[in-house]
Amino acid sequence: MTQAQNGKTFRNYIGGQWLDASNGAATPNLNPANTQRTLGTFPSATRADAQNAIQAAHDAFAAWSRTPMPKRGEILHRAANWMDARLDEIGEALTREEGKTFAEARGEVARGVSILRYFAGQCMEPTGDVYPSASASTLLFAERVPLGVVGLITPWNFPAAIPAWKMAPALAYGNTVVFKPAEITPLTAWYIVSAFEQAGLPPGVLNLVVGRGSQAGQELVENPKVKAISFTGSNEVGTRIAATVAQRGGKTQLELGGKNPIVILNDADIARAVELTVQGAMLSTGQKCTATSRAIVVRELAKDYGEALAARVKQLRVGDGMQSDVYMGPLVSADAEKTVLEYIAVGKNEGARLVTGGEKLRGDEYDSGFFVAPTVFDKVTSDMRIAQEEIFGPVVGVIEAKDIDDAITLANHTRFGLSASVVTRDLNLALRFMREIEAGIVHVNSMTAGAEPQVPFGGFKDSSSGTREQGKAAREFFTQWKTV
C-alpha cells in the first residue's frame, strides 16, 4: 500500500516548507476507477500562495544560478535515483489518481527518471561558444544563461513525464521554478517535488502550488517576476496564456492539442496496422495529445482492416488499471467522461457508423468510476467534427482514402500537426510520407504516441507555439544568450 491510501493531508511546498493553503481550503483526490476511494487531501492554493511561491523562487535565483552546473546535475541524479527506487510506489499512486494501467504508469515514472538523468548529463555540456575577435586583445564569447523564475503549468494525463521534461531542463540551466500541476493529479506531483527535496535542492529553487488555474495558475501567468511560462494543455487556455504573458514581455512555451493520424497503405501488414492503431488509440484511455484518433486506410485494405480493428477492440479488457489483465482504465474525471460521450453522440448525428463501443459501461465494476467502452467509427469523412476536433478519449474514426496522395491530403487536413504514423513495407513510400506529412513527430511502423528524452518534442500548426521540449532543444527556451 502506498502513502496515497492512508488518508494523508498533503501540502504545498514553498520556500523549502510544506504549507497549507493560506485560506485553509483543501479538496480530496479521487480515484477515477472508484470515486468512493480517496487518495488523500490536497490544498487549494490561492493567488496569495502563488505569490509567496514566486517570491521564494525569486529570492533563491541568485544563488542557484551561480551554482556550478555539474553541482546542479548531481542533484538531478540524486532525484532520479530516489524516484527509481520507488517506481512501483509512484506508479501505483499515478494509476490510482489518473486511471491508466499500472504497467503504463510505472513506465511513465521510469521515463521521468530517464529524463532527469538525461538533463543531469547535459549539465556537463558546453554552455556557449568562443568567437574570433577583430581585436587581438579581446576575448569574445557567447553563453547561455538562465532566465530567472519560470512557471510550469502541467496537465493531468502525464503527471510524471511532462513535469519532469519541463522541470529538469529549467533547473539544470539555472532557473528557479514554481510548479502548478493539474489539480486532479497532485499526488504524482508531490512525489516529484519530494524527490528533489530529498536530493538536497536548496529551499525556494523548486516550489509546488496545487490549486485551480483561475487562482494559482493565473497568478503565475500575470506576475512580472515570472520570466517564462511552459504550458501543456488545451488550445483555448494556451492562447490566453500566450496573449497575457506577451503583454508583459515574458516567454511562453506551449504544447497543445493533436488530431493524430495513422495511415495504412496498401502494402501494409493488416495485423500489424491494427495493433498499432489500437495501441495508439486506446492505451491511456486515449488521453494523450499524441493518441491516434484518425485511421486513414487505402481503399483496397479498408474492409479487411475495418473488420480486424473492430474484432480487436471488442477483445479489450476495461477496468481498474491496477488489475493485471486490464488493457484500458477509466477516463480521468466526470467532465472527461461527459465530453467523450458527447463526441460519440456528435459522430452518430454526423452520419458516421458506430462499429463498436460508444457507451458508458455499467455494472458493479464500473458504476463508481468513469468508464467508456473503447469506440470505433467508420464511414467517417474528413470534415466531420469527430475527424477535426480533439476528443481526448478512446475513440478512433476510420477514414477511407483512394491512394497515398489522398491519404496524405486527408492526414494533413486538420488544424493540428503533432504526430503521425504510416504503416508500409515500401521504403520509398515511407520517405515520401516523412517529407510531406505536416507533423512535428513522425513514426514509421510504430504508433503515433511515444518519444525519447534526447530528441525534440513538439508539433506543427496549432499543436505548438513553435518551441520544442526535451533534448538539447529545451535549452533554447529555458536560457537566453549573453555575449561577452
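Note: the structure precedes this text.
Residues numbered from 1 in each chain as written. Predicted model: local features only at pLDDT ≥ 70, side-chain atom pairs only at ≥ 80, totals over all residues. Heavy atoms only, no water.

What follows covers the pairing of strand S13 (residues 292–298). Of all seven residues in S13, seven are buried, a share of seventy percent or more. Both strand S12 (residues 260–264) and S13 contribute to a ladder of five bridges, which runs parallel. Paired with Pro261 across the two strands is Arg294, which belongs to S13. With helix H9 (residues 270–282) bridging S12 and the parallel S13, this β-α-β connection has right-handed handedness. Both S13 and strand S16 (residues 395–401) contribute to a ladder of five bridges, which runs parallel. Looking at S16, one finds that Arg294 is bridged to Gly397. (Buried < 20%, exposed > 50% of the residue type's maximum accessible area, 1.4 Å probe, protein only. Helix = DSSP H or I, 4+ residues; strand = E, 2+ residues; numbered from the N terminus. Pairing = 2+ DSSP bridges. Right-handed = clockwise from strand over helix to strand, strands pointing away.)

Turning next to the packing of aromatic side chains. Taken as a whole, this structure holds 10 aromatic pairs when the rule is applied. Here Trp190 and Tyr191 contribute two aromatic rings whose centre-to-centre distance is 5.0 Å and whose plane-to-plane angle is 75°, an arrangement assigned as edge-to-face. Classification of Tyr191 as buried rests on a relative accessible area of 1%. Arranged with centres 5.0 Å apart and planes meeting at 80°, the rings of Phe477 and Phe478 form a pair that is edge-to-face. Like Phe477, the residue Phe478 is buried in the burial classification. Ring pairs connect the aromatic residues Phe10, Tyr13, Trp18, Phe42, Trp190 and Tyr191, which therefore count as one cluster. (Phe/Tyr/Trp six-rings, centres within 6.5 Å; stacked < 30°, edge-to-face > 60°.)

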